[in-house]
Amino acid sequence: MKYLLSNNLVVQTRCVMKDAWGRTIEYVRLSLTDACNFCCPYCRPAEITPQSQTQLLSVDEWMTILGAFHRIGVKAVRLTGGEPLLYPHIEELLTRIKDTGWFEDISMTTNGSLLASRAQRLKKLGLNRVNISLDSLESDAFATCVGKEGQLDSVLDGIRSAISENFKSVKINTVLSRHWSDDEVKSLLQYVEKWPVVWRFIEYMPFQGDAFHGPTFDEWKAQLERVSGGPLTEVHSVYGFGPATYLALPSGKAIGFIFSMSHSYCDTCNRVRLTSDGQMRLCLLRDDEADLVSLVRNGATEEDLALHIERALQRKQERHDGVGMEQPERPMWRIGG
């Protein structure tokens, strides 16, 4: 952080942190816990309970880490998991992040099942935006997607609550771990058109090996054009700090594509991930990491940690290996989806 004197006033200016490839790092995704009440087969083999989580970082530890990222110019923080609403201190953490005024944007990715009764409170505590996972709108298919029966209604209630609370944005994330029939896509598009949300389609990534095969960017775009009856056109609007490419349906409704395998965004990567055990992961699809929590627990200050992070970011690679990548050592649920 720098301070400049202008007209006898001290003006605080934000540092800009660049990696070795000249990319500005301004966005951090923080996985609070590996615990989740769902067990989506492309993510985790079984439900992981909050009681099994014995090494969670405290709010003070997360605030020291976030303070260091603020010092190097990070503008946005996203809370993820697992399911972040299973982190026992989520409300205290949100309150403290809001009170600092460090970040322009505070968002969360959730499976939505626990959101309906908490959306109002979360917004009051400073949450700006919410992303909700929804991989199917049909009950049986949804049960297969999340590994549990009878969960769709709770997620739909969470979406409706988020919409009614008027968050800055509500996004729906649909992972394409399989090919959809045209009839399924037609039904899906009815919801895409009527809900006041930003819908994003995410390419399956091989964290669980090759058990699933979804469509590529070009295949999904072609199917949407066929079902919707017209070409998708490029949209230049920006919806948050994420990597999505946005296209408009013939109706004009914008939808997002996040296809990191077949349509790489590496040249514009602006983020790092923090795992629930306090490691900084430099790339989602590479195993390069830097230990942060050990420094914090050994008494490192925000300044010390910021220098460590700056040095580690210079190891961030230019790009991942794409469709030819080896399966990462950490499964998705231990990175933060």
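As the structure is a prediction and not an experimental result, all values here were calculated from the model. (Residues numbered from 1 in each chain as written. Predicted model: local features only at pLDDT ≥ 70, side-chain atom pairs only at ≥ 80, totals over all residues. Heavy atoms only, no water.)

**Some details on the overall build of the protein**
Link 1 in the chain: Counting its secondary structure elements, the protein contains 9 helices and 14 strands.
Link 2 in the chain: Out of the 337 residues in the protein, the part that is buried amounts to 53%.
Link 3 in the chain: Considering only intrachain contacts with a sequence separation of at least 6, the fraction spanning at least 24 residues in the protein is 72%.
Link 4 in the chain: Split by element, the accessible area of the protein, about 14,900 Å² in all, is 48% carbon and sulfur. (Helix = DSSP H or I, 4+ residues; strand = E, 2+ residues; numbered from the N terminus. Buried < 20%, exposed > 50% of the residue type's maximum accessible area, 1.4 Å probe, protein only. Contact = heavy atoms within 4.5 Å. Areas by Shrake-Rupley, 256 points an atom, 1.4 Å probe, with all protein chains shown as cover.)

**A closer look at the pairing of strand β6 (residues 129-133)**
Link 1 in the chain: In terms of burial, β6 is largely enclosed, as 4 of its 5 residues are buried.
Link 2 in the chain: Across 4 bridges, the pairing between strand β5 (residues 105-110) and β6 is parallel. Across the sheet, residue Ser107 finds its bridge partner in β6, namely Arg129.
Link 3 in the chain: Assessed by its sense of winding, the connection that carries the chain from β5 through helix α3 (residues 119-124) to β6 is right-handed.
Link 4 in the chain: Where β6 meets strand β7 (residues 169-176), 5 bridges bridge the pair, whose relative direction is parallel. In the sheet register, Ile132 faces β7, and the bridge partner there is Ile172. (Pairing = 2+ DSSP bridges. Right-handed = clockwise from strand over helix to strand, strands pointing away.)

**Quick notes on the packing of helix α1 (residues 59-71) against helix α2 (residues 90-100)**
Link 1 in the chain: Taken N-terminus to C-terminus, the directions of α1 and α2 make an angle of 30°; their axes are 10 Å apart at the nearest point. Between α1 and α2 lies a crossing of right-handed hand. Here Val59, Asp60, Trp62, Met63 and Leu66 of α1 come into contact with α2, specifically with Glu92, Leu93, Arg96, Ile97 and Thr100.
Link 2 in the chain: For the contact of α1 with α2, a count of residues per class yields 6 nonpolar, 1 polar and 3 charged. (Axes fitted to C-alpha atoms, helices over the stretch in contact; angles between N-to-C directions. Left-handed = near helix turned anticlockwise from the far one by under 90°. Nonpolar A, V, L, I, M, F, W, Y, C, P; charged D, E, K, R; others polar.)

**Quick word on the sheet that holds strand β4 (residues 76-80)**
Link 1 in the chain: The strand order across the open sheet built from 12 strands is β9-β10-β11-β8-β7-β6-β5-β4-β3-β12-β13-β14, with neighbouring strands paired in mixed fashion. Two strands in the sheet have a free side with no partner beyond their single neighbour: β9 (233-234) and β14 (289-291).
Link 2 in the chain: Pairing of strand β10 (residues 245-248) with strand β11 (residues 254-258), which is carried by 4 bridges, proceeds in the antiparallel orientation. Residue pairing across strands places Thr245 opposite Phe257, the latter belonging to β11.

**So, the environment of Gln151**
Link 1 in the chain: Structurally, Gln151 is set in the loop between α4 (139-146) and α5 (152-164).
Link 2 in the chain: Relative accessible area serves as the criterion here: at 16%, Gln151 is assigned to the buried category.
Link 3 in the chain: Considered as a pair, Gln151 and Ser113 are 38 residues apart in the sequence and their alpha carbons are 7.2 Å apart.
Link 4 in the chain: Apart from the residues within four sequence positions on either side, Gln151 is in contact with Phe38, Phe142 and Val146.

**Side note on the packing of helix α6 (residues 182-194) against helix α7 (residues 217-228)**
Link 1 in the chain: At a minimum axis distance of 10 Å, the contact between α6 and α7 shows a crossing angle of 75°. Comparing the axis directions of α6 and α7 gives the class roughly perpendicular. Residues Asp182, Val185, Lys186, Leu188 and Leu189 of α6 pack against Trp220, Gln223, Leu224, Arg226, Val227 and Ser228 of α7.
Link 2 in the chain: In the contact of α6 with α7, the residues fall into 6 nonpolar, 2 polar and 3 charged. (Parallel < 35°, antiparallel > 145°, perpendicular 65-115°, else oblique.)

**Overview of α1**
Link 1 in the chain: Here α1 spans 18 Å end to end across 13 residues, near enough to the 18 Å set by a 1.5 Å rise per residue.
Link 2 in the chain: Counting buried positions over the 13 residues of α1 gives 10, a clear majority of the element.
Link 3 in the chain: Of all the residues in α1, the buried ones are Val59, Glu61, Trp62, Met63, Ile65, Leu66, Gly67, Ala68, Phe69 and His70.
Link 4 in the chain: Downstream of α1 by one or two residues, Gly73 has phi in the positive range, about 105°. (Expected span 1.5 Å × (residues − 1).)

**Notes on unusual backbone geometry**
Link 1 in the chain: A cis amide bond links Gly81 with the next residue in sequence, Gly82, at an omega value of 20°.
Link 2 in the chain: Of note, Gly82 is situated in the loop between β4 and α2.
Link 3 in the chain: You will see that Asn166, though not glycine, has its phi angle at about 55°, which is positive.
Link 4 in the chain: By the secondary structure assignment, Asn166 is in the loop between α5 and β7.

**A short note on the nonpolar core**
Link 1 in the chain: In this structure, Phe69, Leu79, Leu134, Trp199, Trp220, Phe257 and Met280 are the most contacted members of the largest nonpolar core, which totals 101 residues.
Link 2 in the chain: Per element, the largest residue contribution to this core is 7 residues, and it comes from α1.
Link 3 in the chain: Other than its neighbours up to four places away in sequence, Trp199 contacts Leu134, Leu137, Ile172, Thr174, Leu188, Tyr191, Val192, Ile255 and Gly256. (Core = buried A, V, L, I, M, F, W, Y, C linked by side-chain atoms within 4.5 Å.)

**Digging into the packing of aromatic side chains**
Link 1 in the chain: Summed over the entire model, instances satisfying the criterion amount to 9 aromatic pairs.
Link 2 in the chain: Measuring from centroid to centroid gives 6.1 Å for Trp180 and Trp220, while their planes differ by 65°, and the two rings are edge-to-face. Residue Trp180 is located in the loop between β7 and α6, and its partner Trp220 is located in helix α7; the two are separated by 40 residues in the primary sequence. Summarising the burial analysis for this pair, Trp180 and Trp220 share the class buried.
Link 3 in the chain: Among the aromatic residues, those joined into a cluster by ring pairs are Trp180, Phe201 and Trp220.
Link 4 in the chain: Above the ring of Tyr191, the side-chain terminus of Lys194 is found at 4.5 Å from the ring centroid. (Phe/Tyr/Trp six-rings, centres within 6.5 Å; stacked < 30°, edge-to-face > 60°. Lys NZ or Arg CZ within 6 Å of the ring centre and 35° of its normal.)

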